[in-house]
Amino acid sequence: MDGDGDIDLVATAALNNRLAWFESDGETPPVFFPRSISIDTLGSRSAVTADLNGDGRMDIISASAVDNSISTFLSIVGDTCIAFDASRDGSMNADELIWIGKSFGLIREGETPGDEWWAEIDFDGDGKVDGTDLSILASTGVWGRSVLNCSYTCND
């Protein structure tokens, strides 16, 4: 999955609606570290991997039995552009502004970093949603683009 040459696992759990990637440490025998992909796959029964967008990274396709749907999950390993799509609808648009608006001023307190529902739009990773995050979204060159034709231009 992550291109490091060792075997990783992708698994579904139908009863708790989860899809996960288990990253191998590359040792023999391997130790696998869980990386949650989704917690709302609604009875996901299967998952396969393929490079859907031609970026050289493996993406995941999952089939859900409960809602008869197919979901795709593009790899964000090292892909800053996809990270800007907080709503995961495939484009950077007003949905991201809505997320920022709903969470503006929220500060991480006593939670594991990254577990907050709004962590996706804390673009600078400082534990709070503020004007800096809005500025980063507006100045990166991703606004109005899809995750397939995104161009990340903001300097870190």
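You'll find the structure just up there.
Here the structure is a predicted model, which is why all the values come from computation and not from measurement.

What counts and how
Residues numbered from 1 in each chain as written. Predicted model: local features only at pLDDT ≥ 70, side-chain atom pairs only at ≥ 80, totals over all residues. Heavy atoms only, no water. Patch = residues over 30% accessible without salt bridge, like charges linked within 9 Å, V, L, I, M, F, W, Y side chains within 5 Å. Areas by Shrake-Rupley, 256 points an atom, 1.4 Å probe, with all protein chains shown as cover. Salt bridge = Lys/Arg side-chain N within 4 Å of Asp/Glu carboxyl O. Buried < 20%, exposed > 50% of the residue type's maximum accessible area, 1.4 Å probe, protein only. Pairing = 2+ DSSP bridges. Helix = DSSP H or I, 4+ residues; strand = E, 2+ residues; numbered from the N terminus. Axes fitted to C-alpha atoms, helices over the stretch in contact; angles between N-to-C directions. Phe/Tyr/Trp six-rings, centres within 6.5 Å; stacked < 30°, edge-to-face > 60°.

Caption draft 1: Main features of a nonpolar patch on the surface. Taken together, the side chains of Leu97, Leu134 and Trp143 present a nonpolar region at the surface, about 260 Å² in accessible area. Under the relative-accessibility criterion, leucine 97 is labelled partly exposed at 35%.

Caption draft 2: Molecular detail of the sheet that holds strand S6 (residues 69-73). Within the open sheet, the three strands sit side by side as S4-S5-S6. Their pairing is antiparallel. Either end of the sheet is taken by a strand with one partner, and the two such strands are strand S4 (44-50) and S6. Averaged over all pairs of adjacent strands, the angle between strand axes in this sheet comes to 20°, irrespective of strand direction. By the bridge criterion, six bridges tie S4 to strand S5 (residues 59-64) in an arrangement that is antiparallel. Bridge pairing links serine 46 to alanine 63 in S5.

Caption draft 3: Layout of the packing of aromatic side chains. Under the counting rule described, the total for this entry stands at one aromatic pair. When the ring of phenylalanine 84 is compared with that of phenylalanine 123, the centres are 4.7 Å apart and the planes differ by 40°; the resulting orientation is tilted. A residue pair is termed long-range when its members are at least 10 positions apart, and phenylalanine 84 in the loop between helix H1 (80-83) and helix H2 (94-103) and phenylalanine 123 in the loop between H2 and helix H3 (131-139) qualify at 39 residues.

Coordinates in, geometry out; function isn't part of it.
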